[in-house]
2 protein chains.
Amino acid sequence: MLTPRQTYNLYFSRDKEFVRDVYEISGFVPKEVFLYRLALTHSSSINGLATEADRKKAAARGCNERLEFLGDSILDSIIAEFLFKIYPTKGEGFLTEMRSKIVNRKSLNKICRKLRVDTLIRHRQNGSINESMYGDALEALIGAIYMDLGYHFTKRFVYKRILEPHVHLHSVERQIISYKNKLIEYVQKTKMGQLVFEVIEEIGDGRAKIFRIAARVGDQTMGIGEGKNKKTAEQRASQDALTKLNLISS
Amino acid sequence: MLTPRQTYNLYFSRDKEFVRDVYEISGFVPKEVFLYRLALTHSSSINGLATEADRKKAAARGCNERLEFLGDSILDSIIAEFLFKIYPTKGEGFLTEMRSKIVNRKSLNKICRKLRVDTLIRHRQNGSINESMYGDALEALIGAIYMDLGYHFTKRFVYKRILEPHVHLHSVERQIISYKNKLIEYVQKTKMGQLVFEVIEEIGDGRAKIFRIAARVGDQTMGIGEGKNKKTAEQRASQDALTKLNLISS
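Rules and cut-offs
Residues numbered from 1 in each chain as written. Chains lettered and ligands numbered in written order. Predicted model: local features only at pLDDT ≥ 70, side-chain atom pairs only at ≥ 80, totals over all residues. Helix = DSSP H or I, 4+ residues; strand = E, 2+ residues; numbered from the N terminus. Buried ≥ 20, exposed ≤ 12 C-beta atoms within 10 Å, placed from the backbone. Contact = placed C-beta atoms within 7 Å. Axes fitted to C-alpha atoms, helices over the stretch in contact; angles between N-to-C directions. Nonpolar A, V, L, I, M, F, W, Y, C, P; charged D, E, K, R; others polar. Least-squares fit on C-alpha atoms with pLDDT ≥ 70 in both. Expected span 1.5 Å × (residues − 1). pLDDT = per-residue confidence, 0-100. Pairing = 2+ DSSP bridges. Parallel < 35°, antiparallel > 145°, perpendicular 65-115°, else oblique. Left-handed = near helix turned anticlockwise from the far one by under 90°.

Participant: Honestly, the overall build of chain A in this entry has me stumped. Any pointers?
Facilitator: The helix and strand tally for chain A stands at 13 helices and three strands. Scored against the burial criterion, the 250 residues of chain A give a buried share of 36%. A fraction of 51% describes how many contacts in chain A between residues 6 or more apart in sequence connect residues 24 or more apart.

Have a look at this one:
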């Protein structure tokens, strides 16, 4: 049942085109349309405006960063509950890792495009597009749905439109995080120096050969790993390093 | 209005003492008492048991880590919404920082004790107590309330029992995070080496003197800051380093 406000929004308001688009994506008719407009306004659409007066007007209307802050944590809770119920016997470490695989920026960007939310984002037309804009907009949309319709509807949106059609738990479970990439990223971000992988020992030979590899930055050994090939040993050395850095649970 | 189940729990069940304690703390009569028992069972109470059989039995009942995972994100969302509404004109960076000041482990530990939740925690009696056990138990309790009674009641609990009596926004706003401590912690955790603060320049003299201080690890300058005294300059150098490490927003 639509409220009179929703009926007005859908059939008579100036925004009815936009309202229908949101309805198609979310399955709900918005009550407070401005929240959705805000969620789908990227900050670049403000900076990209031609005149100072336009920019000021747009900035007063706001962009989606606040809604993204809200939507991000609402999404986290909803996924937490989902995993908590789906995996009744798994520990906290497993649940945390599964969640971070589901809600990482890359997968949210993809889901945003699958839901066709990307077509509604207002951003600066000319200029390079930052990929993470898509995931951010999806989170902001979740924030808008929450502010407009409450937790129950937001949960329904996340379950019906995101988790059921676009998240395949079996493949998420199997999806191995590349520890090596993660370590490389970390070392770059913290500007620790150059990361090198060094074979420190080759045990046995032929088919039974095992490589022992150290991940090093300067003189410092970050981690050590073994494997039947160099690739595996590097992954394990990276995993060891990340564990010692407290960046993943062992 | 109590449901028959709640009435039973409060007046007739074997657990009625415990149910009354939870009622005093939360303001609600539990429906599913086992969730609250679980939330208030620390893993040490399992490891501390005398016989292997006892430990196995206890482990099957579980400890509170899964509920803590859930409660942690529910609490984050509730605080996010609270701040979003209280500060309608503040940006995402401010909201994030305020939240992390409210829900940091230290303040949750304190609130846990103020609510007297600590008296209900089952943990290993002899043996050193890890302070963070208190904050963890509070988060697990929030997870239990959520699973038992839903989002609405959990929000009421957080607003009425945590935010209104124990969080004073004015002092949280004024509370300056010690950037220096944060940097020291980080450098220790990542085992980067020894952090030193070095005066690299003293500009002017007497009352107008300004110190220029670098935060260094080995040869690497992590950040630079200036101030009228060494303490301020060190704080600013640390802040600069943390910004460069992407650990705080500038």
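This is not the end of the story, as more comes after the structure.
Participant: Would you explain the packing of helix H9 (residues 132–149) of chain A against helix H10 (residues 151–166) of chain A in this entry?
Facilitator: To describe two helices that pack against each other, one gives the angle between their axes and the distance between the axes. All names here are of chain A. Between H9 and H10, the least distance of the axes is 7 Å, while the angle of their chain directions is 145°. Touching Ile142, Ile145, Tyr146 and Leu149 of H9 are Tyr151, Phe153, Thr154, Phe157 and Val158, all from H10. Within the contact of H9 with H10, the residues separate by chemical class into eight nonpolar, one polar and no charged.

Participant: How do you make sense of the interface of chain A and chain B when you look at a structure like this?
Facilitator: The figure often quoted for interface size is the accessible area lost as the parts come together. Taken together, the 22 residues of chain A in the interface contact 22 residues of chain B. When residues of the side of chain A that touches chain B are assigned to their parent elements, the largest contribution, 12 residues, is made by helix H6 (residues 65–86) of chain A. A per-class count over the side of chain A that touches chain B returns nine nonpolar, six polar and seven charged.

Participant: For this particular structure, what's the right way to read the relation of the copies chain A and chain B?
Facilitator: Two copies of the chain are present, and they differ by a rotation about an axis and a shift along that axis. Rotating chain A by 180° and translating it 0.0 Å along the rotation axis places it on chain B, where the RMSD comes to 0.2 Å. Look at the turn and shift together and you get a two-fold axis relating the two.

Participant: Sorry if this is basic, but what is going on with H9(A) here?
Facilitator: Structurally, the α-helix is built with 3.6 residues per turn, so residues lying three or four positions apart point the same way. The first and last C-alpha atoms of H9(A) sit 26 Å apart over 18 residues, in line with the 26 Å expected at 1.5 Å per residue. Count one or two residues on from H9(A) and you reach A:Gly150, which has phi positive near 95°.

Participant: Please clarify how the confidence of the model for chain A should be interpreted in this entry.
Facilitator: In regions of low pLDDT, the predicted coordinates are not meant to be interpreted in detail. Averaged over every residue, the pLDDT of chain A is 86; the share at 70 or more is 87%. In the predicted complex, the global pTM is 0.72; the interface-specific ipTM is 0.72.

Participant: What is the right way to look at the environment of A:Arg99 in this model?
Facilitator: All names here are of chain A. Tracing the backbone shows Arg99 in helix H7 (residues 92–102). A sequence separation of 16 residues divides Arg99 from Leu83, and the C-alpha atoms of the two residues are 7.7 Å apart. Setting aside chain neighbours within four positions, we find Arg99 in contact with Ile79, Ala80 and Leu83.

Participant: Please explain the sheet that holds strand S3 (residues 220–227) of chain A as it appears in this structure.
Facilitator: Residues and elements named next belong to chain A. Ordered in space as S1-S2-S3, the three strands form an open sheet in which the pairing is antiparallel. Only two strands of the sheet have a single neighbouring strand rather than two, namely strand S1 (195–203) and S3. For this sheet the average axis-to-axis angle between neighbouring strands, irrespective of direction, equals 25°. Inspection of the sheet shows strand S2 (residues 210–217) paired to S3 by seven bridges, in the antiparallel sense. Across the sheet, the residue bridging to Ile213 is Gly225, located in S3. Across the sheet, helix H13 (residues 230–244) touches S1, S2 and S3, and the angle it forms with S3 is around 135°.

Participant: What is the right way to read the pairing of S1(A) from this model?
Facilitator: Remember that side chains alternate between the two faces of the sheet whenever the strand is regular. Residues and elements named next belong to chain A. Within S1, only zero of the nine residues are buried, which leaves it mostly out in the open. Pairing geometry for S1 and S2, over eight bridges, is antiparallel. From the neighbouring strand, Leu195 faces S2, where its bridge partner is Val217.

Participant: Got a minute to help me understand the sheet that holds strand S3 (residues 220–227) of chain B in this structure?
Facilitator: Strands in a sheet are paired, the pairing made by backbone hydrogen bonds, and the direction either parallel or antiparallel. All names here are of chain B. As summarised here, the arrangement of the three strands in space is S1-S2-S3, forming an open sheet in which the pairing is antiparallel. The strands lining the two open edges of the sheet, one partner per strand, are strand S1 (195–203) and S3. The sheet shows a mean angle of 25° between the axes of neighbouring strands, taken without regard to direction. In this fold helix H13 (residues 230–244) packs onto S1, strand S2 (210–217) and S3, with an angle of close to 135° to the strand it touches most, S3.

Participant: How should helix H6 (residues 65–86) of chain B be read in this particular structure?
Facilitator: A rise of 1.5 Å per residue sets the reference length of H6(B), with its 22 residues, at 32 Å; its end C-alpha atoms lie 31 Å apart and thus fit the reference within 8%. Judged by how many residues are buried, H6(B) sits mostly within the fold: 18 of 22 residues are covered.

Participant: Is there a simple way to explain the packing of H6(A) against H7(A) in this structure?
Facilitator: Residues and elements named next belong to chain A. At their nearest, the axes of H6 and H7 sit 10 Å apart, and the two run at 130° to each other. As far as their axial angle goes, H7 and H6 are oblique. Like other packed secondary-structure pairs, H6 and H7 cross with a definite hand, here right-handed. Judged by residue contacts, Ile79, Ala80, Leu83 and Phe84 of H6 engage Leu95, Met98, Arg99 and Ile102 from H7.

Participant: I would appreciate a short explanation of the environment of A:Glu32 in the present structure.
Facilitator: Summarising the element assignment, A:Glu32 is placed in the loop between helix H2 (16–26) and helix H3 (33–39). Linking A:Glu32 and A:Ile213, residues 181 residues apart in sequence, is a C-alpha distance of 58 Å.

Participant: What am I meant to see in the environment of B:Tyr146 here?
Facilitator: Residue and element names in this part refer to chain B. Relative to the helices and strands, Tyr146 resides in helix H9 (residues 132–149). Residues Tyr146 and Ile74 lie 72 residues apart in sequence; the distance between their C-alpha atoms is 8.0 Å. Beyond its immediate sequence surroundings of up to four residues, Tyr146 is in contact with Leu70, Gly71, Ile74, Tyr151 and Thr154.

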